[in-house]
Amino acid sequence: MTLARLHDWPALVQKKVQALDPRRMPRHIAFIMDGNGRWARMRHRRRLMGHREGIKTAKSIIRFCHDVGGIDCITLFAFSTENWKRPKLEIAGLMMLLKYFLRRETAEMVENDIRFRTIGRIDEFPGFVQRELHRTMEATANCKSFTLNIALNYGARREILDAALELHRRLAEGEARREQVDQEYFEKLLYTADLPPLDLLIRTSGELRVSNFMLWQIAYAELYVTPVLWPDFGPSELLDAILDYQNRDRRFGGLSGRPHVQGPESGIPG
Ligand code: FPP
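Everything in this summary refers to the structure shown in the same document. (Residues numbered from 1 in each chain as written. Predicted model: local features only at pLDDT ≥ 70, side-chain atom pairs only at ≥ 80, totals over all residues. Heavy atoms only, no water.)

1. Observations concerning the sheet that holds strand β6 (residues 222–226)
One open sheet holds the 6 strands; their spatial order is β3-β4-β2-β1-β5-β6, and the pairing between them is parallel. Strand pairing shows two members of the sheet lacking a second neighbour, β3 (114–119) and β6, which therefore form its edges. The mean inter-strand angle of the sheet, taken between neighbouring strand axes irrespective of direction, is 20°. By the bridge criterion, 5 bridges tie strand β1 (residues 28–32) to strand β2 (residues 73–80) in an arrangement that is parallel. Paired with Ile32 across the bridge in β2 is Phe77. The strands that helix α9 (residues 235–246) touches are β1, β5 (200–204) and β6; relative to β5, the one it contacts most, it runs at about 140°. (Pairing = 2+ DSSP bridges. Helix = DSSP H or I, 4+ residues; strand = E, 2+ residues; numbered from the N terminus. Axes fitted to C-alpha atoms, helices over the stretch in contact; angles between N-to-C directions. Contact = heavy atoms within 4.5 Å.)

Pasting the structure below:
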């Protein structure tokens, strides 16, 4: 982070930034932004007020991740394939919030060289939201320094199924040969094909589940769950997660430099 940008943040955040190891930054962080409803309920407010606060948090996290350096991409889980089960009014409110978010933030994204993209079936979203999404994607298509990826109408099982169906089509139509197909090939059929591998998944508000989110991509990601509700989550809490991540020993199923025994002999999986 440049010194000028660092000074924009509170002293505690600056102190934590200084404790980071710049060589071990997670390149891609994903967020399950949970707890907006609880945040609102605790204040006797409507759920949509919680989502509005959630957008404020999202903006501050985007800005911070862009500024801190070493993070190339973040993915925000904003609307799942299961969220259609919510009351119609809440869904409509979320669509409006998304539209205004895109309207207000596109110019700033371009200015800060932030590429905007999505994962999920946005073709099933209302037309007015799709138009805003495409407008922002086109406006930021040539931005390179950071990627903001938002999961919208996203479900990991659907993503894997879509990839499987595309693979089946390619094999049936002779566009691919069976011998070519390995995990790397399959990965290129997922919605995340052009994104860096996921390093860290953060879930707010304490629930210990992954909720159909990035099931393929989390295979070797580090998981971090905090009881803090999404509207109360900020750069200081994010830095706690990154510092925790930097203290972990990522072995990807292999052995680390540490002198401990693993594998079938020890009975300890990698
Ligand atoms: C989960 O909280 C949150 C959502 C389903 C929506 C998340 C959306 C936003 C934060 C706004 C969209 C963000 C952008 C960047 C456009 P919940 O309602 O499930 O909370 P609860 O579990 O406490 O009820």
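2. Thoughts on the site of the ligand
In the neighbourhood of the ligand, 17 residues make up the surrounding shell, with Asp34, Gly37, Arg38, Arg47 and Arg86 lying closest. Contact distances for the ligand include 3.3 Å between an oxygen atom and a backbone N or O atom of Gly35. The separation between an oxygen atom of the ligand and a polar main-chain atom of Asn36 is 3.2 Å. In the complex, the protein chains occlude 91% of the 620 Å² of accessible area that the ligand would expose alone. A total of 5 residues in the shell around the ligand trace back to one element, the largest contributor, which is helix α4 (residues 47–68). (Near = heavy atom within 4 Å. Polar contact = N/O pair within 3.5 Å; in protein donor to acceptor, adjacent residues only side chain to side chain. Areas by Shrake-Rupley, 256 points an atom, 1.4 Å probe, with all protein chains shown as cover.)

3. Focus: the packing of helix α5 (residues 88–111) against helix α6 (residues 127–139)
Closest axis-to-axis distance for the α5/α6 pair is 10 Å, and the angle between their directions is 15°. Relative to α6, the element α5 lies roughly parallel. The crossing of α5 and α6 is left-handed. Contact residues: Met95, Met96, Leu98, Lys99, Leu102, Arg103, Thr106, Met109 and Val110 in α5; Phe128, Val129, Glu132, Leu133, Arg135, Thr136 and Ala139 in α6. Class assignment for the residues of the contact of α5 with α6 results in 10 nonpolar, 2 polar and 4 charged. (Parallel < 35°, antiparallel > 145°, perpendicular 65-115°, else oblique. Left-handed = near helix turned anticlockwise from the far one by under 90°. Nonpolar A, V, L, I, M, F, W, Y, C, P; charged D, E, K, R; others polar.)

4. Here's the deal with helix α7 (residues 156–172)
Taking 1.5 Å of rise per residue, 17 residues should cover 24 Å, and α7 covers 24 Å from first to last C-alpha, within 8% of that figure. Ala156, Glu159, Ala163 and Leu167 are the residues of α7 that are buried. One side of α7 holds all its buried residues, which, seen down the axis, span an arc of 75°. Those residues of α7 that are exposed and aimed more than 90 degrees away from the buried face are Arg157, Leu161, Leu165, His168 and Ala172. Tucked inside the fold, the buried residues of α7 contact β4 (146–154) and α8 (183–187). Gly174, located one to two residues past α7, shows a positive phi value of around 75°. (Expected span 1.5 Å × (residues − 1). Buried < 20%, exposed > 50% of the residue type's maximum accessible area, 1.4 Å probe, protein only. Arc of directions from axis to C-beta.)

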